[in-house]
Amino acid sequence: MSVRLRELLMGLRDLGLKNAPVIVHSSYKSFGDVEGGADTVVKALTSVFETVIVPTFTYKTMVTPLTGPADNALKYGSGTDLNRMAEFFTPKMPADPLMGIIAERLRKHPRARRSSHPIQSFAGINAEKILARQIMTEPLGPLAALEELNGWVVLMGVDHTVNTSIHYAEKLAGRKQFVRWALTPKGVVECPGFPGDSAGFQAIISEMEKYTRRVKIGLSNIHAVPSKMLFREVICCINNDPLALLCQQEDCERCNQVRLLLRSEN
Ligand SMILES: [Zn+2]
């Protein structure tokens, strides 16, 4: 049984988010079959939500320089082969496949606009003011704007490990941010404010439970959390335990860097 537009509309309305702006992170495959494909999901999102943004990050613009700041979880000069494969950022560059096909289709929607960060761009509909909050020193500014507007994070068939808003809250909690570099037509551009690793973010689920709204559409489990409560809970977690939400992978460079800095501070 394919999911139809009508079920998508009803399911998304059942979240009860009214006119709140949303950021959507999604797995198209999580729905099972959708009649009309990913564009049907985009149509549902743009019909139900007045303002919707998606991450359209472009990691293939990233290059590693020969030298750079210390404590940056990066082996300088190690990226020679990858550097050769890097591509110049252009506004029409497709979103990284990690963003999912729904994000990419929304980017191509005739009413969509995209911000111009060479690594961490966002695309959105009716979201010009939110997108305008992104500047080079504040790449996740649109997520701050969303929080101020009482926005919601909608996770469609994905969990908090892809919830970019948690990164912004980490930054507010004082967690270490990194520097990365991107290839652009104007040359290599330094991109400060690059966040840490998100593999440990699912740990926030218990704190967020009381604020979480859930619906099921087709095979996809959809959940939505309010940005404001998310920021509050993440900041609270990190204040209580500076190691909160880090991943357990032994070779995770960014999480290990955060641990190392905390140890040197104590
Ligand atoms: Zn990690």
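Refer to the structure above for everything that follows.
Residues numbered from 1 in each chain as written. Predicted model: local features only at pLDDT ≥ 70, side-chain atom pairs only at ≥ 80, totals over all residues. Heavy atoms only, no water.

Colleague: Let's hear about the coordination of the zinc ion: which residues, and what values?
Modeller: Ligation of the zinc ion by protein atoms is provided by Asp197 (OD), Cys247 (SG), Cys252 (SG) and Cys255 (SG), these donors lying 2.0 to 2.3 Å from the ion. With 4 donor atoms in place around the zinc ion and angles of 102 to 116° between them, the coordination shape is tetrahedral. Mapping the donors of the zinc ion onto the primary sequence yields the spacing D-x49-C-x4-C-x2-C. One exposure class covers both Cys252 and Cys255, and it is buried. (Donors = N, O, S within 2.8 Å, 3.2 Å for Na, K, Ca; no water. Tetrahedral: all angles 85-135°; square planar, octahedral: opposite > 155°, others 65-115°. Buried < 20%, exposed > 50% of the residue type's maximum accessible area, 1.4 Å probe, protein only.)

Colleague: Account for the sheet that holds strand β7 (residues 178–184), with residues named and values stated.
Modeller: The 3 strands are arranged β3-β7-β8 in an open sheet whose pairing can be described as antiparallel. With one partner strand each, in any of the chains shown, β3 (62–63) and β8 (187–194) form the two edges of the open sheet. Where β7 meets β8, 6 bridges bridge the pair, whose relative direction is antiparallel. What sits directly across from Thr184, in β8, is Gly187. (Pairing = 2+ DSSP bridges. Helix = DSSP H or I, 4+ residues; strand = E, 2+ residues; numbered from the N terminus.)

Colleague: Give me the lowdown on unusual backbone geometry, citing residues and values where you can.
Modeller: Of note, the phi angle at Lys18 is positive, near 50°, even though the residue is not glycine. Among the secondary structure elements, Lys18 is positioned in the loop between α1 (5–14) and β1 (22–26). The phi dihedral of Asp71 falls on the positive side, at around 55°, and the residue is not glycine. Residue placement: Asp71 occurs in the loop between β3 and α3 (80–85). Asp71 sits in the partly exposed class, given a relative accessible area of 38%.

Colleague: Please provide a residue-by-residue account of the environment of Pro142, values included.
Modeller: Summarising the element assignment, Pro142 is placed in helix α6 (residues 141–148). The class for Pro142 is buried, based on a relative accessible area of 0%. The spacing of Pro142 and Asn239 is 97 residues in sequence and 24 Å in space, taken between C-alpha atoms. With sequence-adjacent residues up to four places away left out, Pro142 is seen in contact with Ile53, Phe122, Ile130, Leu131, Arg133 and Gln134. (Contact = heavy atoms within 4.5 Å.)

Colleague: An account of the environment of Phe57 is requested, with residue identities and associated values reported.
Modeller: With respect to the helices, strands and loops of the structure, Phe57 is situated in the loop between β2 (52–55) and β3. In this structure Phe57 comes out as buried when scored by relative accessible area, which is 5%. Expressed as a C-alpha distance, the spacing of Phe57 and Phe122, which sit 65 residues apart in the sequence, is 7.0 Å. Ignoring sequence-local partners within four residues, the contact set of Phe57 consists of Ala95, Asp96, Met99, Ile119, Gln120, Ser121, Phe122 and Thr164.

Colleague: Tell me what's going on with the pattern of salt bridges, and back it up with residues and numbers.
Modeller: All told, the structure shown has 11 salt bridges when counted by the stated rule. Note that Arg84 and Asp81 form a salt bridge whose closest N and O atoms lie 3.4 Å from each other. Taken together, the residues span about one helical turn, with Arg84 and Asp81 both in helix α3 at a distance of 3 residues. Asp81 matches Arg84 in its accessibility class, with the two residues each being exposed. For Glu104, the salt bridge goes to Arg107, with nearest N and O atoms at 2.9 Å. Placement of both Glu104 and Arg107 in helix α4 (residues 101–107) is noted, with a separation of 3 residues, approximately one turn of the helix. (Salt bridge = Lys/Arg side-chain N within 4 Å of Asp/Glu carboxyl O.)

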